[in-house]
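Okay, here's what each chain looks like letter by letter:
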Amino acid sequence: MTTRDHAMRMLAHRLKEAGLSTPALDARILIQAATGASDLELIREPGTLMTPVEEERLAAFERRRLAHEPVSRILGSREFWGLPFTVTAETLDPRADSETLVETALGLLKDIERPRILDLGTGTGCLLLALLHERQDAVGTGIDLSEGALAVAASNASALGLSARAEFVESEWTENVEGRFDLAISNPPYIPHGDIAGLAGEVRLHDPMLALDGGEDGLDAYRALARLLPDHLTQPAHAVIELGAGQADAVAAIFEAAGFGVSRIVPDLGGVPRALVAAWPRA
């Protein structure tokens, strides 16, 4: 048997040797998952011995992480906007960069009472549910083509106590959408098809292809959204759309051509243009 502290340090070393980007953080999270120890317990009781069951559990986690499986998928959960979300093979792994969309959307909704929100390609439901968590008067609809993803989103809504204000609909974009909304939000597939083979293993091997593949130039989903959203937005309304790297100008042109007014592009914390804000109709 070994202590938690020693096991954590050795695991971090092996993960670093394997070239993984956040070895110390990954090791701490996996040790906690294997042992049930809190942050405080790891600090106060570094010499606590791991049980054989805990060591076996940690070894299984390590094998999966060394195979480039993301920690969130190993544990089946990811924190987003300070909230816990279940993730599965059916859903995109929520990323902190996408919190830029939530922050931007909240600013657009601040003067709207009882807003209706449409989330296209909802996945885990993280964008919609983060907004509903912040706006207790809001209701929303999450759309996805994946039945499995919708089941995960509905489960997350239930776990967060938001089921009464969130519905989830299986649809190819707006095909089965009814009514009009004050705000549409989306993190669509935007990776050019030819670039997918070069993605990091954590993404290429574990995120669903349906949530990644944006067609030959990565812009197919943006064209569909710009074409379809006007029939489902109030006047006035806004769309907040996640951007891939280097796509801001092309996506802005697509939405402008469809009659939207692109008011700004919001960078994420890394300075990368991340959220396109499009007003409907263009003033």
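Here the structure is a predicted model, which means the values were calculated and not measured.

1. Some details on helix H7 (residues 126-134)
Phase 1 of the analysis: Extensive coverage of H7 is indicated by the burial of seven of its nine residues.
Phase 2 of the analysis: Of the positions making up H7, those classed as buried are Cys 126, Leu 127, Leu 128, Leu 129, Ala 130, Leu 131 and Leu 132.

2. Observations regarding helix H11 (residues 248-257)
Phase 1 of the analysis: Among the residues of H11, Ala 248, Val 251, Ala 252, Ile 254 and Phe 255 are the ones counted as buried. All buried residues of H11 fall inside an arc of 160° around its axis, so they share one side. Turned more than 90 degrees off the buried face of H11, the exposed positions are Asp 249 and Ala 257.
Phase 2 of the analysis: Where the residues of H11 are buried, they touch helix H10 (220-228), strand S7 (233-242), strand S8 (261-267) and strand S9 (273-280).
Phase 3 of the analysis: A positive phi of about 100° marks Gly 259, the residue just after H11.

3. Details of the pattern of salt bridges
Phase 1 of the analysis: Considering all chains together, one arrives at 17 salt bridges under this definition.
Phase 2 of the analysis: When the shortest N-O distance is used, the salt bridge between Asp 93 and Arg 78 registers 2.9 Å. Within this pair, whereas Asp 93 is found in the loop between strand S2 (83-86) and helix H6 (99-109), its partner Arg 78 is found in strand S1 (residues 77-80), the two being separated by 15 residues in sequence.
Phase 3 of the analysis: Owing to a relative accessible area of 30%, Arg 78 belongs among the partly exposed residues under this scheme.
Phase 4 of the analysis: Of the charged contacts in the structure, one is a salt bridge between Arg 135 and Asp 137, with a shortest N-O distance of 2.9 Å.
Phase 5 of the analysis: You can call Arg 135 buried: its relative accessible area is 15%.
Phase 6 of the analysis: A relative accessible area of 30% means that Asp 137 is categorised as partly exposed.
Phase 7 of the analysis: A single salt-bridge network, built from bridges that share partners, covers Asp 97, Glu 242, Asp 268 and Arg 274.

About the criteria used
- Residues numbered from 1 in each chain as written.
- Predicted model: local features only at pLDDT ≥ 70, side-chain atom pairs only at ≥ 80, totals over all residues.
- Heavy atoms only, no water.
- Buried < 20%, exposed > 50% of the residue type's maximum accessible area, 1.4 Å probe, protein only.
- Helix = DSSP H or I, 4+ residues; strand = E, 2+ residues; numbered from the N terminus.
- Arc of directions from axis to C-beta.
- Contact = heavy atoms within 4.5 Å.
- Salt bridge = Lys/Arg side-chain N within 4 Å of Asp/Glu carboxyl O.

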